[in-house]
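If you want the building blocks of each chain, they are given just below.
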Amino acid sequence: MPNTITPADLLASLSWRYATKKFDPSKKIDAALWSTLEQALVLSPSSYGLQAWRFVVVTDTATRQKLRAVSWNQPQITDASHMVVFCRKNELTAADVDVYVDRIAQVRGASKADLEGYRNMMVGSVTNPPSLPGGDMVTYTRSQVYIALGQFLTAAALLGVDACPMEGFDPKGYNEILNLPAQGYSAVVVATAGYRAADDMFGTMKKVRFEAKDVIKHV
Ligand SMILES: Cc1cc2nc3c(=O)[nH]c(=O)nc-3n(C[C@H](O)[C@H](O)[C@H](O)COP(=O)(O)O)c2cc1C
């Protein structure tokens with residue numbers, strides 16, 4: 001088992017994090033730390049392990065400007081050190097399942113024959129979207145992407161990196177600017193990451209959450 005952090009440290013990090021409204025544009029996440037955050041994305045769990053997503057890290061300044069224009073002009077889009085667009089794969093087919101099964105065989109040294117049952121079960125699901133959790137392909141793949149978003153936000157907090165989850169943008173505009181449809185993907189949600197500006201007033205506001213007794217039920 002890897003080292004654990006204390007429960008108090010976990011809660012301290014989760015309380016420290018907040019949806020950063022104003023980043024300090026002069027502070028950049030160093031390359032090794034960013035690479036760790038990318039690995040946290042890669043390590044996100046997904047339904048069947050299918051990983052029907054793509055994480056587009058936008059570094060080009062001109063592209064970030066264009067994206068800001070279709071993001072309610074929110075300053076995080078250009079001022080944060082880094083930005084990830086979480087994209088869902090538009091369709092999952094038997095061919096996608098086969099790519100995944102090949103990967104399992106490669107990584108685990110398993111034979112494809114051993115994986116046949118698992119393969120057929122996944123193909124049965126993805127080729128019959130009403131059977132998917134959520135009842136359709138879009139709901140199913142969108143949901144997966146949010147798991148990665150949550151993992152990213154928590155990983156960032158634990159590493160002392162500020163972040164803002166963002167849905168305040170026009171997905172069609174993002175799809176166009178990033179040429180996503182041609183690649184079979186659609187923008188779902190964004191995370192900006194970097195370091196809070198000293199004068200971001202949201203950084204010192206009290207966290208507003210309902211009490212545990214009102215949102216957690218023990219049965
Ligand atoms: C999916 C999602 C989308 C959000 N979109 C935006 C956004 O576009 N702009 C923004 O400033 N904050 C955005 N937020 C931040 C929320 O307003 C914030 O997380 C919430 O008020 C709780 O505050 P806290 O994260 O600071 O604890 C978003 C949060 C989530 C989870």
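Here we summarise the structure given alongside this text. Just so it is clear, the structure is predicted and the values come from calculations on it, not from any experiment. (Residues numbered from 1 in each chain as written. Predicted model: local features only at pLDDT ≥ 70, side-chain atom pairs only at ≥ 80, totals over all residues. Heavy atoms only, no water.)

1. A look at the sheet that holds strand β3 (residues 162-166)
Then comes step 1: The antiparallel open sheet is built from four strands, whose spatial order is β1-β2-β4-β3. Looking at strand neighbours, the two that pair on one side only are β1 (53-57) and β3, the edges of this open sheet. With strand direction ignored, the average angle separating the axes of adjacent strands in the sheet is 25 degrees.
Then comes step 2: Sheet analysis places strand β2 (residues 82-89) next to strand β4 (residues 185-194), joined by eight bridges and oriented antiparallel. Considered in β4, the bridge of arginine 88 is made with serine 186. (Pairing = 2+ DSSP bridges. Helix = DSSP H or I, 4+ residues; strand = E, 2+ residues; numbered from the N terminus. Axes fitted to C-alpha atoms, helices over the stretch in contact; angles between N-to-C directions.)

2. Points about the site of the ligand
Then comes step 1: As a structural note, the neighbourhood of the ligand is formed by 14 residues, with Arg17, Lys21, Gln74, Lys207 and Arg209 the closest of them.
Then comes step 2: Here a nitrogen atom of the ligand sits 2.7 Å away from a polar atom, N or O, in the side chain of glutamine 74.
Then comes step 3: Burial of the ligand by the protein amounts to 66% of the accessible area it has alone, namely 620 Å².
Then comes step 4: Looking at the shell around the ligand element by element, the count peaks at three residues for β3. (Near = heavy atom within 4 Å. Polar contact = N/O pair within 3.5 Å; in protein donor to acceptor, adjacent residues only side chain to side chain. Areas by Shrake-Rupley, 256 points an atom, 1.4 Å probe, with all protein chains shown as cover.)

3. Side note on the side chain of serine 13
Then comes step 1: One can find serine 13 in helix α1 (residues 7-16).
Then comes step 2: Sequence-distant contacts of serine 13, defined by excluding residues within four places in its chain, comprise Ala157 and Leu158. (Contact = heavy atoms within 4.5 Å.)

4. Observations regarding the packing of helix α2 (residues 31-42) against helix α7 (residues 137-158)
Then comes step 1: With their axes 9 Å apart at the nearest point, α2 and α7 run at an angle of 145 degrees to one another. As for the relative orientation of α2 and α7, their crossing is right-handed in sense. Contacts from Trp34, Leu37, Ala40 and Leu41 in α2 reach Ala148, Gln151, Phe152, Ala155 and Ala156 in α7.
Then comes step 2: Classifying every residue of the contact of α2 with α7 by side-chain character gives eight nonpolar, one polar and no charged. (Left-handed = near helix turned anticlockwise from the far one by under 90°. Nonpolar A, V, L, I, M, F, W, Y, C, P; charged D, E, K, R; others polar.)

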